[in-house]
Amino acid sequence: MLASETAAPAARTIMPARQYGLWYDAWRRLRQNKIAIAGAVIVLALILAALLAPVLAPHNPLSGNIIDRLQAPSAAHWFGTDSQGRDVLSRIIYGSRISIQVGVISVGIALLIGTLIGAAGGYYGGWVDNVLMRVVDIMLAFPSILLAIAITAMLGPELKNAMIAIGVVNIPFYARIVRSTVLSVKETEYVEAARAIGGNDLRIIFRHVLPNCMAPVIVQTTMGIGTAILDAAGLSFLGLGAQPPTPEWGAMLSDGRSVMQQAPWMMFYPGLAIMLVVLGFNLLGDGLRDALDPRLKQ
Amino acid sequence: MTGTAIWWPAIWYISRPLQIKKKKEEEKYMRKYKAVALLAALVLVLGVVLSGCGGQGQQAAKEGGKTFVFARSGDAVGLDPANVTDGESLYVTHQIFETLLNYKPADTELVPGLATSWENSKDGKEWTLTLRKGVKFQDGTPFNAQAVKFNFDRWRLQNNPYHVGGNFEYYTSMFGGFPGVIKDVQVVNDNTVKFILTRPLAPFLADLAMPTFGIASPAAVQKYGKDFFKNPVGTGPFTFVSWEKDQKIILKRNDSYWGPKPALSEIVFRTIPDNSARLMELKSGTIDAMIGLNPDDYKTVKNDPNLQVLLRPSMNLGYLAINDQKKPFNDPKVRQAIACAIDKKALIDAFYAGLGKPAKNPLPPSIWGYNDKIQDYPYDPAKAKELLAEAGFPNGFTTTLWAMPVARPYMPQPKEIAQAIQTDLAKVGIKTNIVTYDWATYIAKGENGEHDLYLFGWTGDNGDPDNFLYVLLGKDNTVKGAASNVCFYQNEEVNNLLKQAQSVSDQSKRAALYEQAQEIIHQDEPMVPLVHSMEVVVAKKSVKNLIPHPTGTESFANVDIQQ
């Protein structure tokens, strides 16, 4: 597609024989980045854990025997049991489903609305841009977690509402990124050409402008999923997200807090899971940024 | 020590030029820099040392002052004892206010308080109380028969201009409405007051000793009106100083107190919501005593040489209130099914460190009138399912389970207990969503009947069965907005039995009536009684004379701290 025209010259100088697309090029660069691959492996493991949870989990994540509560890690319970006698490992495995759900849905909300706002602002400019960007500025003025707390407090403490809240607070980031890219892309010759042959605004935005803004958005999305998972864990830790007995990592962390001294595994493993997954998404996001547009590295 | 940690980078920064310029600069300059750096370091170190001394100096400056810091998980709701029902509030008001009669330090036997003697008429309808002389309220106004009448009129008469600031729940639940049993309060002379009752009320004297009926200064009530709960004035050994919401309440010694002078000069009630954080503070010494120990910490605390563990004699009930007026809970079969679904023994082993007994009656076994013949519903999920099917719910239903936000002696880990009950109920097909609110809202919504299943509890106030059965299950106490019967159990027969028991003075006859009432209650199962627990009070070894009272609150008048 048109996208290849921008990246092609660089590729051509290295390998004049064949012409590679932007995506193939990016993939080649990503493959060479060991750290990014490590991130990808973690993300892949998370997805696998979520898909295969019923196969992988040794016990029922939702109910246990309270007589077996607070047992240290053992052969029967690799990560120990929690204060309700539930298997921590099984809960963490099932928790990956919640995390993916949270990551995808909340980032999906942010991405969809943010992209529309950013594209409209960047493409039309003028008062449209002014109004939209001031709204975005206002949203940015609040610390994101505080705004998320306020939104969930308003909607009621539920995982669904936590996802909405995290999605909403992340809108400004996508809006800004898309807007800035649209500003530069809309001045290019091919957009001008599209306009010259009579393409209407919608067609130009969706066929020509947005596809060429994908690189930074993909990077932000990947990193955004990690942040969204972290934020959701934070909300659940505060009791505003997942409600018991949902095996959400942040809620598990919160449950373990009161028995931190007797049963440190109740906090250690969910904490580790959150850390690894967020790390995975961040490493992958970093790698993607380098791969998709080396200029963004700065 | 954190102070020093902050200064190190500063010291390093100041001395940095030394390292860079060493080679280039003359020795003279070097000395100058070195001197400046040294001086700066010296000043900083001195500052840290001095600020450390300041802390100690402040403590020493309070001459002969002993501050007792007591921590719990929730803040007081209000400090007007007549308008609160929660232990957090009454713990504080118990130090500020005094009652006409008192309980002995470790049981509910009655001893003189603000009244020195009392006398009942032959028909049991008139009580004459002689009041203590020379007692003054903390604002300097005198305590006398007029003050007693003022307080009772405020509580019992809805058209009284000072009947404001709350719902006076305790008054209605103990005396049966407004004005209820107390027809009139007469001032005989300055030191004698007479109560005229509509009918004999057996627990009358025991009721008068309840901390909620602390006598307030009429002048202060008139002055503050609705805000009296923020400006409490009584006759007690400690005077209110300040209240920082959700942080701390400070009281100081009442130097004009009529009784023996307390050893403590100041009491600080601190709110530390998290059980482990509170214990951490106790271990590090920033608080002197606490309630609300995580049962999982019981063992470690017992082995700690610096701490003493005090067990409160059990006179309480932790229960799962069922809103009997709401569908599907209006069917006794559903309630019985819930009772069969919950494994009480496992709950107690897991969340009470074994410091409790499974409850089968709403009344604790330590109180006379307890019906021991009753057979509890067994833990039997299969039977629960059967009962649900009979009631028309073979596949169960979905409802809400309310979990208290604060740890109480009868419910030391409400969130955990709620989750365990949630698991138990799920096994028989009842799906529950756990909901919670802040403490004041939780109580208010419960009194208003907005709940389905509601974790709650009760600590006996006066050692009388009436205080459990009539308060928790009397039909008279189901008035929405001020209900103490949060099961909204409206059985006429039970209500009549309980009222009859109030009017009889012979204790064995009363006991028989209460036993009969418990049988009907057991059949109806308006609530699931879960546990009678022993509360753990943990204090530093240096704290003396802290005696946990079965009613859940004790006076700190005799508490002392000895190093």
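Bear in mind that the values here come from a model prediction, so they are computed numbers and not experimental data. (Residues numbered from 1 in each chain as written. Chains lettered and ligands numbered in written order. Predicted model: local features only at pLDDT ≥ 70, side-chain atom pairs only at ≥ 80, totals over all residues. Heavy atoms only, no water.)

Some words on the overall build of chain A
Counting secondary structure elements, chain A contains 13 helices and zero strands. Each principal axis of the C-alpha distribution contributes one length, and for chain A these read about 75 × 50 × 30 Å. Every one of the 298 residues in chain A was classed for burial, and the buried ones make up 48%. A fraction of 69% describes how many contacts in chain A between residues 6 or more apart in sequence connect residues 24 or more apart. Of the accessible surface of chain A, which amounts to about 14,400 Å², a share of 68% is contributed by carbon and sulfur atoms. Distance between charge centroids for chain A: 4 Å, based on 22 positive and 18 negative side chains. (Helix = DSSP H or I, 4+ residues; strand = E, 2+ residues; numbered from the N terminus. Buried < 20%, exposed > 50% of the residue type's maximum accessible area, 1.4 Å probe, protein only. Contact = heavy atoms within 4.5 Å. Areas by Shrake-Rupley, 256 points an atom, 1.4 Å probe, with all protein chains shown as cover. Lys, Arg positive; Asp, Glu negative; His and termini not counted. Charge placed at Lys NZ, Arg CZ, Asp CG, Glu CD.)

With respect to the interface of chain A and chain B
Taken together, the 19 residues of chain A in the interface contact 19 residues of chain B. For the pair chain A and chain B, the two sides together bury roughly 1,600 Å², of which 41% comes from carbon and sulfur. Here chain A is connected to chain B by three salt bridges. One salt bridge connects aspartate 296 of chain B with arginine 69 of chain A, and the closest N-O pair in it is separated by 2.9 Å. For the side of chain A that touches chain B, a count of residues per class yields six nonpolar, nine polar and four charged. (Buried area = accessible area lost by both parts, 1.4 Å probe. Salt bridge = Lys/Arg side-chain N within 4 Å of Asp/Glu carboxyl O. Nonpolar A, V, L, I, M, F, W, Y, C, P; charged D, E, K, R; others polar.)

A closer look at the nonpolar core
Ranked by size, the top nonpolar core spans 146 residues in total, and within it Phe68, Leu100, Phe195, Ile338 and Phe556 of chain B carry the most contacts. Core analysis: the second largest hydrophobic core is formed by 56 residues, Ile98, Val107, Ile171 and Ala232 of chain A among them. (Core = buried A, V, L, I, M, F, W, Y, C linked by side-chain atoms within 4.5 Å.)

A few points about helix α3 (residues 34-51) of chain A
Residues three or four positions apart in an α-helix share a direction because the helix packs 3.6 residues into each turn. All names here are of chain A. Here α3 contains 18 residues, and its C-alpha end-to-end distance of 25 Å stays within 8% of the 26 Å for a straight helix at 1.5 Å per residue. Among the residues making up α3, those that are buried are Ala36, Gly39, Val43, Leu46, Ala49 and Ala50. In a view along the axis of α3, the buried residues occupy a sector of 150 degrees, so they form one face of it. Set apart from the buried face of α3 by more than 90 degrees, the exposed residues are Lys34, Val41, Leu44 and Leu51. Among the structural elements, α2 (22-32), α4 (53-56), α5 (88-124), α12 (249-257) and α13 (265-292) are those in contact with the buried residues of α3. For α3, the side-chain oxygen to backbone nitrogen distance between the N-cap and isoleucine 35 is 3.3 Å, and the N-cap itself is asparagine 33. (Expected span 1.5 Å × (residues − 1). Arc of directions from axis to C-beta. Polar contact = N/O pair within 3.5 Å; in protein donor to acceptor, adjacent residues only side chain to side chain.)

Here's the deal with unusual backbone geometry
Here the residue pair proline 244 of chain A and proline 245 of chain A is connected by a cis peptide bond, since its omega of 5 degrees sits within 30 degrees of zero. With respect to the helices and strands, proline 245 of chain A occurs in the loop between α11 (214-237) and α12. Note that the residue after phenylalanine 178 of chain B, namely proline 179 of chain B, is joined by a cis bond; omega there is -5 degrees. In this fold, proline 179 of chain B is placed in the loop between α5 (169-175) and β6 (182-189). At phenylalanine 168 of chain B, a position not held by glycine, the phi torsion is positive, near 50 degrees. Along the chain, phenylalanine 168 of chain B turns up in the loop between α4 (145-156) and α5. With a relative accessible area of 1%, phenylalanine 168 of chain B lands in the buried category. One non-glycine residue, phenylalanine 488 of chain B, lies in the positive phi region at around 50 degrees. Mapping phenylalanine 488 of chain B onto the fold places it in the loop between α15 (466-473) and α16 (492-503).

Remarks on the confidence of the model for chain B
All names here are of chain B. When pLDDT is averaged along chain B, the result is 89; 89% of the residues meet or exceed 70. Here residues 18-22 scores under 50 on pLDDT; set against residues more than four positions off or in separate chains, the count is six contacts. Confidence drops under pLDDT 50 across residues 52-62; counting only partners more than four residues distant or on other chains, this segment forms two contacts. ipTM for the predicted complex: 0.73, alongside a pTM of 0.74. (pLDDT = per-residue confidence, 0-100.)

With respect to the sheet that holds strand β5 (residues 126-131) of chain B
All names here are of chain B. The strand order across the open sheet built from four strands is β4-β5-β7-β6, with neighbouring strands paired in antiparallel fashion. Lying at the two open borders of the sheet, with one neighbouring strand each, are β4 (115-120) and β6. Averaged over all neighbouring strand pairs, the angle between strand axes comes to 20 degrees, with direction disregarded. The sheet contact formed by β5 and strand β7 (residues 192-197) spans five bridges and is antiparallel. Pairing of leucine 129 across the sheet is with valine 193, part of β7. The strands touched by α4 are β5, β6 and β7; relative to β6, the strand with the most contacts, the crossing angle is about 165 degrees. (Pairing = 2+ DSSP bridges. Axes fitted to C-alpha atoms, helices over the stretch in contact; angles between N-to-C directions.)

Let's talk about the packing of helix α10 (residues 332-341) of chain B against helix α12 (residues 381-390) of chain B
Residue and element names in this part refer to chain B. The interhelical angle for the contact between α10 and α12, taken along N-to-C directions, is 165 degrees, at an axis separation of 8 Å. Of the possible angle classes, the one that applies to α10 and α12 is roughly antiparallel. When the axes of α10 and α12 are compared, the crossing they make is left-handed. Residues Lys333, Val334, Gln336, Ala337, Cys340 and Ala341 of α10 form the contact with α12, whose participating residues are Pro381, Lys383, Ala384, Leu387, Leu388 and Glu390. The class makeup of the residues in the contact of α10 with α12 is eight nonpolar, one polar and three charged. (Parallel < 35°, antiparallel > 145°, perpendicular 65-115°, else oblique. Left-handed = near helix turned anticlockwise from the far one by under 90°.)

Quick look at the pattern of salt bridges
Residues and elements named next belong to chain B. Taken as a whole, this structure holds 37 salt bridges over all chains when the rule is applied. Between lysine 245 and aspartate 75 there is a salt bridge; the shortest N-O distance is 3.8 Å. Pair noted here: lysine 245 is in the loop between β8 (238-244) and β9 (248-253) and aspartate 75 is in the loop between β1 (67-72) and α3 (87-96), with a separation of 170 residues, a long-range link. Accessibility expressed as a relative area gives 8% for aspartate 75, which makes it buried. One salt bridge connects aspartate 184 with arginine 156, and the closest N-O pair in it is separated by 3.6 Å. Here arginine 156 lies in helix α4 and aspartate 184 lies in strand β6, a separation of 28 residues in the sequence. Judged by relative accessible area, aspartate 184 falls into the partly exposed class, the value being 27%. By relative accessible area, arginine 156 is classed as buried at 3%. The network of salt bridges with common partners includes Lys149, Asp153, Arg156 and Asp184.

Comments concerning the side chain of glutamine 502 of chain B
All names here are of chain B. Within the element layout of this structure, glutamine 502 appears in helix α16. One polar contact links glutamine 502 to arginine 199, side chain to side chain, over a distance of 2.8 Å. Those residues in contact with glutamine 502 that lie beyond four places of it in its chain are Arg199, Pro200, Leu201, Ala202, Pro203, Asp466, Tyr470 and Tyr514.

Considering the packing of aromatic side chains
Residues and elements named next belong to chain B. All chains considered together, the criterion is met by 39 aromatic pairs over all chains. Seen in terms of ring centroids, phenylalanine 70 and tyrosine 91 are 4.8 Å apart; in terms of plane orientation they differ by 45 degrees. Their pairing is tilted. Separated by 21 residues along the polypeptide, phenylalanine 70 in strand β1 and tyrosine 91 in helix α3 bring together distant segments of the chain. Between phenylalanine 70 and phenylalanine 556, the aromatic rings sit 5.2 Å apart at their centres with planes inclined by 50 degrees, giving tilted as the arrangement. Taken together, the residues span a long stretch of sequence, with phenylalanine 70 in strand β1 and phenylalanine 556 in the loop between β20 (543-544) and β21 (560-561) at a distance of 486 residues. The class of phenylalanine 70 is buried, set by a relative accessible area of 0%. Aromatic rings pair up to connect Trp127, Phe152, Trp155, Tyr171, Phe175, Phe178, Phe195, Phe204 and Phe213 into one cluster. For lysine 445, the ring lying beneath its charged end belongs to tyrosine 437, and the centroid distance is 4.9 Å. (Phe/Tyr/Trp six-rings, centres within 6.5 Å; stacked < 30°, edge-to-face > 60°. Lys NZ or Arg CZ within 6 Å of the ring centre and 35° of its normal.)

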